[in-house]
Amino acid sequence: MKKPFLFFSFFLAGIQAVSAGSFVYPFDQIAKPACKYSAWSMLGDDCKMSLPRISGADYTKYKDNKEYRRIYSVLYWATYNYGWDVGYGSHLWMDISTAQGTPVHSIGDGTVVSAGWQMGWGNTVSIRHTLSDGKALYSNYSHLSKINVTKDASLRAGDTIGEVGNTGNSYGNHLHFQIDATTQAHPYYYVTCGKWKNPLTIVDQGLCRDYLTANTIDPIAFLENGTITTTAAVQNLQEQGKKAPKIEQKTIKTREQILDEEIEEFFKDHTLSVSLWVPWNNIEAGKTHTARINVTYRNRPFTGSLPAEWLILSYDRAGIKLFPDIVIAIENGVREFQITGVKPGKYGISFKIGKRIFLTTSINIYKKSEMIAPEQAVIIHNKSIVLADEKLTGVVFRTKYASNQIDIPYNGRYILKSLTGKAKFCNVSKRNVRKCSTSELVEELEFGYEDTYRGVLLANILPFDYMPISLVVVKKNTGKIPAKTIAKSKADILITNPNGIDKTYTYFPDVISALKKGLMKPNSGYILQDRELIGKQAKELVRNALAHLFLRSGDNQIKKQQILLRMKDFETRAMKFDDYKKISRAEFAGLVVGILDGPPLVIEEKKWIDEAGEYKNMITTLRLRYDFAWKDQFATRYFQSDKSITVGESMYMIEKVL
């Protein structure tokens, strides 16, 4: 029996903490002000708190308290502009701000008079409470997101009747809490006095005050006075209310200032961004695109309401149309909206909360006919490139709105080329492989929309000389219209030596000469001169050398056919070399002489110490036909056939043959 008794005792203690006489406050717990934007169901205990009481309805004591001002956003008999300027407005009720879904309780025993939707009030519950003399007063709870009771239901003080929301004419999640002292329709609203008048005007100008004091009671003053049990006591409280101390507007912050502080605090933990999902914000006139507003809370998707009344999307309605253009809540971090192009032009959109603009962006509305023959482009390139290395270069056409023309088809043919410096190109717009084969390289790269990736040309550029490169894009001539340069590189591309090789290196001139011929491409900008050559590199060198000879043969078809046969023969020979196994000097001599030079010389006499074995004739051919000798201490006396050949040495040998 002890455990149930302890539980009941704690339950009573919880009720008493928020009670006043036989009535209780409409909340047991609320969301802490900093957490009120998230749904109640998502809040942890660290984001919840007991509803703080305004002891004795002494508003002057708390008028400068930031927390109280954010929770009790508008007091009874105040204005919307200030919220706490009691005695200067005609606010009939009390607004209590907390998270959507916060449980709302009946303040006392009673019977549900109505429970449902009411114009302006949104989801509303009205409850009749009978006083000791048989008279009644009514408590009202509006803007609920959910109603948990039905008409004529009997309630006890503290029973849950619904959940806080933002329905009806409401700006942000809060409870409209009102107590009526007459038998008018509930919640009571100004009838004769307020007819045809703007509710904001009535409240902010302090109109109809006699109606306010005659038909309603200050909810906090009522709950804080535990002796209200009769009609006479209610009337006495109403009279006292007329004499209650006023709070001058000049002595307190405005609601706008409070709101600015809330917004600033909100964005300490929340981020707001916009994803238009339209390439470079270009939308064809007459088309509609779906965009997203994204909100995160501590880097996680946010669900809840935004601070202030709403997020307003401001824009030029003559050129674009947005729907919706007001956002109140975000779910799972996202709120979608649609953008429709109305008239060609460039239009701005601003995203505003309160008076603060958080984001601005622009939308370009275009006609397809305007984009069919672009006349502007941008060349994207590196400031410098290593000799013979491949670097990605891009060409992006530009609209007349200075945006990139992506995913917008165009006609015509264009050429990317170098005005200065020796360079070649290959189109890699639709390939995953970065490096180009020698056969793909061209000095002038022609392209159209079909040769690009979504309208963007992606090309590899390879420099073959030290002269700085100046790139241009030329629109090809059609009929009588001459070719026209529509883009130039912003600055010349500088050519540098590869890393891993220095000018004092014995074979430096040969390595540079081989690079200029495109026989080997630097690996990530490196040519490691003293690293031992492996099969993969040896094959690359010989293949590129054959391609170089093929191009050099010009229109000599007989020579070209001979080289094609050598290429085929090489692929057969190359199969016996492992890609990642080191190559000896003799083995590489066999590839170079046997493939690039044709039949080797056959001479029986021996003049070299190691002029013997499988590759004897290749070594002899190098010595006699090309006056070949290593540039080391052995010179012509010793070929060192079994020694692994280095990268630099291999380029020296192949240069001697070419």
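Criteria and cut-off values
- Residues numbered from 1 in each chain as written.
- Predicted model: local features only at pLDDT ≥ 70, side-chain atom pairs only at ≥ 80, totals over all residues.
- Heavy atoms only, no water.
- Helix = DSSP H or I, 4+ residues; strand = E, 2+ residues; numbered from the N terminus.
- Buried < 20%, exposed > 50% of the residue type's maximum accessible area, 1.4 Å probe, protein only.
- Contact = heavy atoms within 4.5 Å.
- Areas by Shrake-Rupley, 256 points an atom, 1.4 Å probe, with all protein chains shown as cover.
- Lys, Arg positive; Asp, Glu negative; His and termini not counted.
- Charge placed at Lys NZ, Arg CZ, Asp CG, Glu CD.
- Pairing = 2+ DSSP bridges.
- Axes fitted to C-alpha atoms, helices over the stretch in contact; angles between N-to-C directions.
- Expected span 1.5 Å × (residues − 1).
- Arc of directions from axis to C-beta.
- Polar contact = N/O pair within 3.5 Å; in protein donor to acceptor, adjacent residues only side chain to side chain.
- Core = buried A, V, L, I, M, F, W, Y, C linked by side-chain atoms within 4.5 Å.
- Disulfide = S-S within 2.5 Å.
- Parallel < 35°, antiparallel > 145°, perpendicular 65-115°, else oblique.
- Left-handed = near helix turned anticlockwise from the far one by under 90°.
- Salt bridge = Lys/Arg side-chain N within 4 Å of Asp/Glu carboxyl O.

A. Quick look at the overall build of the protein chain. Looking only at helices and strands, the protein chain features 14 helices and 36 strands. Along the first, second and third principal axes, the C-alpha set of the protein chain runs to 135 × 75 × 45 Å. A burial count over the protein chain gives 49% of its 658 residues as buried. Long-range contacts, defined as pairs at least 24 residues apart, comprise 66% of the intrachain contacts of the protein chain with a sequence gap of at least 6. When the accessible area of the protein chain is evaluated, it comes to approximately 32100 Å², of which 52% is carbon and sulfur surface. Distance between charge centroids for the protein chain: 3 Å, based on 86 positive and 68 negative side chains.

B. A look at the sheet that holds strand 29 (residues 391-398). One open sheet holds the four strands; their spatial order is 27-29-33-31, and the pairing between them is antiparallel. Edge positions in the open sheet fall to strand 27 (376-380) and strand 31 (423-427), since each of these has one partner strand only. Across the sheet, the mean angle separating the axes of adjacent strands is 30° when strand polarity is ignored.

C. Just helix 9 (residues 508-516), in detail. Among all positions in helix 9, only Phe508, Asp510, Val511, Ile512, Ala514 and Leu515 are buried. Taken together, the buried residues of helix 9 touch helix 14 (647-657). One or two positions beyond helix 9, positive phi appears at Gly518, with a value near 80°.

D. Region of interest: helix 11 (residues 557-574). In this model, helix 11 (18 residues) spans 25 Å end to end at C-alpha, consistent with the 26 Å of a helix rising 1.5 Å per residue. Buried within helix 11 are the following residues: Lys560, Ile563, Phe570 and Ala574. Seen along its axis, helix 11 keeps its buried residues to an arc of 70°; they face one direction. In helix 11, the exposed positions angled more than 90 degrees off the buried face are occupied by Ile558, Leu565, Lys568 and Thr572. Structurally, helix 11 contributes buried residues whose contacts are with helix 10 (535-552) and helix 12 (585-597). One side-chain oxygen of the residue at the start of helix 11 lies 3.3 Å from the amide nitrogen of Ile558, identifying that residue as Asn556.

E. Spotlight on the nonpolar core. Leu416, Phe447, Val473, Phe588, Leu596, Leu622 and Met653 are the most contacted members of the largest nonpolar core, which totals 71 residues. Examining the composition of this core, we find that eight residues originate from one element, helix 12, more than from any other. Every residue in contact with Leu416, bar those within four places of it in the chain, is listed here: Val395, Phe425, Glu443, Glu444, Leu445, Phe447, Leu457, Ala459, Leu471, Val472 and Val473. Among the nonpolar cores identified, the runner-up in size contains 47 residues, and Phe27, Tyr62, Tyr141 and Ile252 belong to it.

F. Main features of unusual backbone geometry. Put simply, His186 and Pro187 share a cis peptide bond, and its omega is -5°. By the secondary structure assignment, Pro187 is in the loop between strand 13 (174-180) and helix 4 (199-204). Across the junction of Phe323 and Pro324, the peptide omega takes the value -10°, indicating a cis bond. The phi dihedral of His143 falls on the positive side, at around 65°, and the residue is not glycine.

G. Fine view of the state of the cysteines. Inspection of every chain in the model, using the stated rule, returns three disulfides. The disulfide bridge from Cys193 ends at Cys208, spanning 1.5 Å between sulfur atoms. The chirality of the disulfide connecting Cys193 with Cys208 is left-handed, given an S-S dihedral of about -80°. Of this pair, Cys193 sits in the loop between strand 13 and helix 4 while Cys208 sits in the loop between helix 4 and helix 5 (209-215), and the two are 15 residues apart along the sequence. Cys208 matches Cys193 in its accessibility class, with the two residues each being buried. Regarding the disulfides, the protein chain carries the connectivity 1-2, 3-4, 5-6 under sequence-order numbering of its bonded cysteines.

H. Main features of the environment of Lys243. Along the chain, the position of Lys243 falls in the loop between helix 7 (231-242) and helix 8 (255-269). Lys243 sits in the exposed class, given a relative accessible area of 72%. Between the C-alpha atoms of Lys243 and Gly87, which are 156 residues apart in sequence, the distance is 9.1 Å.

I. Region of the structure containing the side chain of Thr98. Relative to the elements of secondary structure, Thr98 occurs in the loop between strand 6 (94-97) and strand 7 (103-105). In this structure the side chain of Thr98 is engaged in a polar contact, spanning 3.1 Å, whose partner is the side chain of Thr102. Setting aside anything within four residues of it in sequence, one finds Thr98 in contact with Phe27, Ile30, Ala31, Lys36, Val164, Asn173 and His174.

J. The packing of helix 10 against helix 12, seen in detail. Closest axis-to-axis distance for the helix 10/helix 12 pair is 11 Å, and the angle between their directions is 20°. By the criterion of interaxial angle, the relationship of helix 10 to helix 12 is roughly parallel. Where helix 10 crosses over helix 12, the two elements pack in a sense that is right-handed. Of the residues in helix 12, those touching helix 10 at Ala538, Leu541, Val542, Ala545, Leu546 and Leu549 are Phe588, Leu591, Ile595 and Leu596.

K. Main features of the pattern of salt bridges. Throughout the structure, instances matching the rule amount to 33 salt bridges. Of the charged contacts, one joins Glu224 and Arg53 as a salt bridge, the two residues approaching to 3.0 Å between their closest N and O atoms. Of the two residues, Glu224 sits in helix 6 (residues 219-224) while Arg53 sits in the loop between strand 4 (48-50) and helix 2 (59-62), which places them 171 residues apart along the sequence. Look at Arg53 and you get partly exposed, because its relative accessible area is 27%. The partner of Lys287 in a salt bridge is Glu284, and the shortest N-O contact between them spans 3.4 Å. Overall, the relative accessible area of 42% leaves Lys287 in the partly exposed class. Look at the salt bridges and you will find they share partners, linking Arg413, Glu446, Glu450, Asp451 and Lys476 into a network.

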